[in-house]
Amino acid sequence: MNYLRWAAAAATLAMLPAMGHAAELNGASLSLAWAIPFAGLLLSIALMPLLAPQFWHHHFGKVTVAWSLAFLVPLIVFFGAGAAGANFVHALLAEYLPFVILLTALYVVAGGIYIRGSLTGTPVLNTAILAIGAVLASFMGTTGASMLLIRPLIRANAHRTRVVHIVVFFIFIVSNAGGSLTPLGDPPLFLGFLKGVDFSWTLLHIWPLALFLVGALLAMFFVLDTWLYRQDKQPAPQVHGAQTQEAIGFDGKLNFVLLGAVVGLVLMSGMWKSDVVFNIAGTDVGLPGMVRDAGLIVVALLSLALTPKTVHANNQFGWGPMQEVAKLFAGIFLTIIPVIAMLKAGTEGPFGAVVRAVTNPDGTPNTAMYFWATGVLSSFLDNAPTYLVFFNTAGGNPVELMTTLAPTLVAISAGAVFMGANSYIGNAPNLMVKAIAEDRGVRMPSFFGYMLWSVGILVPLFVVMTFIWF
């Protein structure tokens, strides 16, 4: 793959002189064929692990590159190197790098904290862990909370024969719904924060919905887990003597300080207003964002350097899940460029039917349709870029969306975050949790098997939420 990196770097350098003057793609003039690479990549993510698991495991990066080139090469041919380079750099600097840097920092810091102790997976303990994870997810990210808690949760239930439901509900609650209250919680909200949505806006407007969904899921999980626990033929491990009882504790405590630094850096970038802006090949990069991203990289490096090796060993920390997410999202953020442009074109673009579906006859937004359209697409197109799509469909003005169109932004935010749990590809931590669970011997459902769980449990709750709030 090295030659591909060198080729991409050389091509980017060659485009630089023309980038600053390249115009944004006119979505109204694009055909639906420009969405084929995006759809192809997402279908590959959904189907290839099921149809060709060994090939996908070894070559998913190459598949991602192939679909990315299927977009970039025609873009260069039809619009020129300048336009291609400008759009590439914008996706890289304005969206992908801030997103993946935050994700990596949370992944590394959480991977440096080991929860030790004698944990026995009873329904009460499991429900408590899911509830704690739901709270932590909004402050350390769904990725951070998932990486922190999934390993001890699986370890606590190692004696049980039926544990799939535990991991599935963990994805529902900790990897998705719990991250709905702050931009730190879930990638789409962080992208909204980068677009100008206030840090506290989601907390003030989405907490009733989050409380209902998380509360309902915890209640359902407790009932199901209690029933399966009583049906389980494997006895709970017995403690014989004080020597076998290990107190609950944490190793790698320094990472809690580093986690606070991550939160502080993100808050700083939203509160610090600076007129210093660097124009890089047509993309404006503000000083606060640059400081935030540089600080997050430093935090991740400090965590890797200062965390004892025994902590990483006990956590079975590895780069596989993060590499998979980083590679796949690189292709997603690139190939989604024409899709966003077409949606920005509104009713004049190829996706005019989608725009009309979320708009009432009088021109006002249909919040129920925004909730479901954002949510359904988030289930399969990944919720971060889908949020961007409908954020722009609703006008893309953060001030207007936080005030006059606040119900619309609530619908978009809730749909993207909550329904990201509908499939493995709906949110980055879903794939990470699945990979870790399978690595520890849990036979997770297939792509469509998982969706049987989500359709049966989540969709009815979303219908109820529609009648209550939208």
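Described below are features of the structure shown in this document. (Residues numbered from 1 in each chain as written. Predicted model: local features only at pLDDT ≥ 70, side-chain atom pairs only at ≥ 80, totals over all residues. Heavy atoms only, no water.)

For the structure shown, the criterion picks out 23 aromatic pairs. Seen in terms of ring centroids, Trp34 and Phe78 are 6.1 Å apart; in terms of plane orientation they differ by 80°. Their pairing is edge-to-face. Taken together, the positions of Trp34 in the loop between helix H1 (2-19) and helix H2 (36-51) and Phe78 in helix H3 (residues 53-111) put the pair 44 residues apart, joining distant regions of the chain. With a centroid separation of 5.7 Å and an interplanar angle of 25°, the aromatic rings of Tyr387 and Phe391 are classed as stacked. Note that Tyr387 and Phe391 are positioned in helix H15 (residues 383-393) at a spacing of 4 residues, about one turn of the helix. Like Tyr387, the residue Phe391 is buried in the burial classification. Site record: aromatic cluster; members linked through ring pairs are Phe169, Phe172, Phe221, Tyr424 and Tyr450. (Phe/Tyr/Trp six-rings, centres within 6.5 Å; stacked < 30°, edge-to-face > 60°. Helix = DSSP H or I, 4+ residues; strand = E, 2+ residues; numbered from the N terminus. Buried < 20%, exposed > 50% of the residue type's maximum accessible area, 1.4 Å probe, protein only.)

Here we take up the side chain of Asp293. By the element assignment, Asp293 lies in helix H9 (residues 287-306). Look at Asp293 and you get buried, because its relative accessible area is 13%. Polar contacts involving the side chain of Asp293 include one to the side chain of Arg292, which spans 3.0 Å. Those residues in contact with Asp293 that lie beyond four places of it in its chain are Pro98 and Ile101. (Polar contact = N/O pair within 3.5 Å; in protein donor to acceptor, adjacent residues only side chain to side chain. Contact = heavy atoms within 4.5 Å.)

This paragraph deals with the pattern of salt bridges. Scanning all chains against the criterion turns up 3 salt bridges. Glu438 is the partner of Lys434 in a salt bridge, and the nearest nitrogen-oxygen pair spans 3.1 Å. In this pair, Lys434 and Glu438 are both assigned in helix H18 (residues 428-439), 4 residues apart and thus about one turn of the helix distant. Judged by relative accessible area, which is 37%, Glu438 ranks as partly exposed. (Salt bridge = Lys/Arg side-chain N within 4 Å of Asp/Glu carboxyl O.)

Turning next to a nonpolar patch on the surface. The grouping of Leu69, Val73, Val77, Phe78 and Phe79 at the surface amounts to a nonpolar patch, some 500 Å² of accessible area in total. A residue is classified by how much of its surface remains accessible, and Phe79, at 35% relative accessible area, is partly exposed. (Patch = residues over 30% accessible without salt bridge, like charges linked within 9 Å, V, L, I, M, F, W, Y side chains within 5 Å. Areas by Shrake-Rupley, 256 points an atom, 1.4 Å probe, with all protein chains shown as cover.)

Note: strand E3 (residues 277-280) against strand E4 (residues 283-286), 4 bridges, orientation antiparallel. Pairing of Val277 across the sheet is with Gly286, part of E4. Taking the residues between adjacent antiparallel strands as the criterion, E3 and E4 are bridged by 2 residues, where Ala281 takes a positive phi near 50°. (Pairing = 2+ DSSP bridges.)

Core analysis: the largest hydrophobic core is formed by 143 residues, its most contacted members being Leu130, Phe172, Ile173, Leu217 and Phe418. A per-element tally of this core places H3 first, with 20 residues. Discounting residues that sit within four places of it in the chain, Phe418 has contacts with Ala177, Ser180, Ile206, Leu209, Ala210, Leu213, Phe462 and Met465. (Core = buried A, V, L, I, M, F, W, Y, C linked by side-chain atoms within 4.5 Å.)

On to the packing of helix H5 (residues 164-173) against helix H19 (residues 447-469). The geometry of H5 relative to H19 is characterised by a closest axis approach of 11 Å and an angle of 60° between their N-to-C directions. The angle between H5 and H19 places the two elements in the oblique class. Along this stretch, H5 crosses H19, giving a crossing that reads as right-handed. When H5 is examined against H19, the residues His165, Val168, Phe169, Ile171 and Phe172 are found in contact with a partner set consisting of Tyr450, Trp453, Ser454, Ile457 and Leu458. Per-class residue counts for the contact of H5 with H19 are 8 nonpolar, 2 polar and no charged. (Axes fitted to C-alpha atoms, helices over the stretch in contact; angles between N-to-C directions. Parallel < 35°, antiparallel > 145°, perpendicular 65-115°, else oblique. Left-handed = near helix turned anticlockwise from the far one by under 90°. Nonpolar A, V, L, I, M, F, W, Y, C, P; charged D, E, K, R; others polar.)

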